[in-house]
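Results of the structural survey
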Amino acid sequence: MISVTSNSIHPMTLELERRILHNPLLNIDTFIIPSPYVKNPNLVKDYEHSFVYMEEGEMLGYILVYSDKDKKDFLIYKVITSPFGRGMGIGRLFIEYLSEKVPMGSSINLYVWERQQDTMDFFSNMGFQSQETIVYRNLNYHYFTSTKTQIIKSRSTEKLKGSNAQEEIGKTRHDARKVVRLLSSMVDKLALENCSRIIEDINRETTGLVNVLNSFRDSIETIHEVDLKILIVERIIPFIDTSIRDCEIKFHMESRISSIKGSYVNISRALINLVSNSIETIKEKGEKGIITLELTQDEEYVYLTAGDNGMGIKPELMKRDTLGYPEFVGRTTKQRKKGEGLGTIQIFSTIGVENITINSVQGEGTYWTLRFRKKEKEKEKWFLSLERRFFEFKDLREGIRLTKKTPKNVIISTIWLMRQKEIFLFDLIMQFSKFHNMRDVYRQTLLYLQGHESEEKLKETIGEYRCDQPVIKNWMIEICLDIRKTMSDLEEIVDIEDYKGELFNSYGQAIGNIMIFTLDPENGNFLVTDRKLAEHLDFVYYLGKERDELLRGEFIGDMKTLDNPILFGVWDISSDEDLINKLKLIREGAKRLVENGIDEGKKLAFYQTTYCDNANDINTDKTTTFGEFINLPDDQLEKFKREADDELQGFLVYRD
């Protein structure tokens, strides 16, 4: 664990504040902080007594303070620690540092939400006392106050106690429970008017919890599993983006990059040091920066190539000694002297000299290639991922009880969670492909989910299947039972017609999956699944209509991404008159989806007709938008037809 030091504290400046505003891990306009002017309207933002904590240029936290003109009344408005700085003691260091800087006789105050019991305990131990309770935006806050003398006294008392702390596991349990309690309180306050802010806070706290657990794992395991993809996206790219304004970031990654073996904390710090050097050398050059990050792999290793277009390294500093270390290791390659190359020592000690290749041309830039050994037993990763997801869903199921008094936002959340489970069910079904036809397995689960088969029959059928991990059969049964119960509860307590938009759009969570659906354009009823598991015809029976009265469809990814088209098509066209009627049918289907929340600006494309016995067909090369198509008059529908492909006339074209 990295120890904190006051040498890493820097005064707040307008430039640092700008960087904070662009850092999603620090720019938190949280719903649990009241206005700084609630008690004293004469306070102003005090840059002299506001500070930022930085390690190798990475901002890991800040304290924002307001004060009156006489510097007697100080209000701590925000104390924010990055998820990657949790557990380091940055918050305590800020309070102690502030107490040293404020004048003698001044007061230091702040507000704490009543649900943050751990935060109240923290400030009480720092010498603060709760003076009164206020109500702000329907939330209760405790007003804490202290003085310079009281904080210094509590600090000395804390030192006299000595280091009689619990074992590291006890500290980790405490930190984890603290985050979980806060998350629970945030969920309780989730509402339509504040959902964006609370979701942002929940995402931040969740990242913080993961980092606390990663740090603990680093303290007890020298080597463990590290996901470079997540580390780069969540930590390295935001660090670059907030450190240098005029810089282009190019990130390329092969599909399904494996996890690696290593220390999460040490590797993340090494990468921060590496890109920090790139940023400094780009700034020295004074041109628009370009930083490239690329992840590739072979059978044994994952490779990270990080390059920049900075000043490069002098040729004489690239020479290696007898141990393979370049001359610049341990000494700075930049104009600035602070640090004297300590970052490069950390990079080489973490990654290993044998795993680092450097190519640099002075005046043009530098490319580092880092080699990491893959985590052993990679073939079992798929099972561990499924197991983790199953138990996450199991925990989420507990405590959810739907009634006719359940708020609408909770109903919507329940629908989206139900879809996550269904998408997880698709992944479970695919695990049977080694011994069975996946589509047959899916058809059996569909029979149960649509109410055409009993629970006993479902258990009997799934029990007869074979797969490499038999426990997956139990997971399938539990997930199927849970999906059907949730849908039955929804049908009992709400009008499903009011939630068709959420029921359809929630399938967009299957990012990267090709999803097919069959839709009844008359009433908007539909069924959806992963393309690998079914054909459109599988759904016709359950929709209660003839095939030619229904539409085939397909989409990929989030419904809000306008450029990702939804495809519509029909099974057959027998004449020009039938062609126009089928286009009208598609128009009705498009109207149903717009009524259910699809943006009119979203692209609409068309399938190849399965069986076309006509000289003309739907033009599959033509795209439009939902808004344009649903407002198209009948006499303009013909612009979406074209001559049928001669070689396909009279033959079945397989698209399912």
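We now turn to the structure provided with this report. Remember, it's a predicted structure, so these values are computed and weren't measured experimentally. (Residues numbered from 1 in each chain as written. Predicted model: local features only at pLDDT ≥ 70, side-chain atom pairs only at ≥ 80, totals over all residues. Heavy atoms only, no water.)

**A few points about the packing of aromatic side chains**
Tallying each qualifying case throughout the model produces 26 aromatic pairs. Residues F122 and F123 carry aromatic rings whose centres are separated by 5.0 Å and whose planes lie at 80 degrees to one another, so their mutual orientation is edge-to-face. In this structure F123 comes out as buried when scored by relative accessible area, which is 6%. Look at F517 and F568: their rings are 5.7 Å apart centre to centre, the planes differ by 80 degrees, and that puts the pair in the edge-to-face class. Of this pair, F517 sits in strand 16 (residues 514-519) while F568 sits in strand 19 (residues 566-569); the two residues are 51 residues apart in sequence, bridging distant segments of the chain. The two residues F517 and F568 agree in class, both being buried. Of the aromatic side chains, those joined through ring pairs into one cluster are F504, F517, F526, F555, F568 and F626. (Phe/Tyr/Trp six-rings, centres within 6.5 Å; stacked < 30°, edge-to-face > 60°. Buried < 20%, exposed > 50% of the residue type's maximum accessible area, 1.4 Å probe, protein only. Helix = DSSP H or I, 4+ residues; strand = E, 2+ residues; numbered from the N terminus.)

**Remarks on the nonpolar core**
Among the nonpolar cores identified, the biggest contains 84 residues, and F555, F568, F626 and F629 are the most heavily contacted of them. If you tally residues by element for this core, the top one is helix 12 (residues 408-430), at 11 residues. Contact partners of F626, with chain neighbours within four places excluded, come to I566, F568, A590, L593, V594, I598, D599, E600, K602, K603 and L604. Listed in part, the 67 residues of the second largest apolar core include I63, L317, V329 and V353. (Core = buried A, V, L, I, M, F, W, Y, C linked by side-chain atoms within 4.5 Å. Contact = heavy atoms within 4.5 Å.)

**Overview of the sheet that holds strand 10 (residues 247-253)**
Working definition: the strands of a sheet are paired by backbone hydrogen bonds and lie parallel or antiparallel to each other. Strand order across the open sheet formed by five strands is 10-12-13-15-14, with mixed pairing between neighbours. Edge positions in the sheet fall to strand 10 and strand 14 (356-361), since each of these pairs with one other strand and no more. Sheet twist, expressed as the mean angle between neighbouring strand axes with direction ignored, is 10 degrees. Two strands pair when backbone bridges link them, and strand 10 and strand 12 (residues 289-297) are joined in this way by seven bridges, in the parallel orientation. Bridge assignment links K250 to a residue of strand 12, and that residue is T292. (Pairing = 2+ DSSP bridges. Axes fitted to C-alpha atoms, helices over the stretch in contact; angles between N-to-C directions.)

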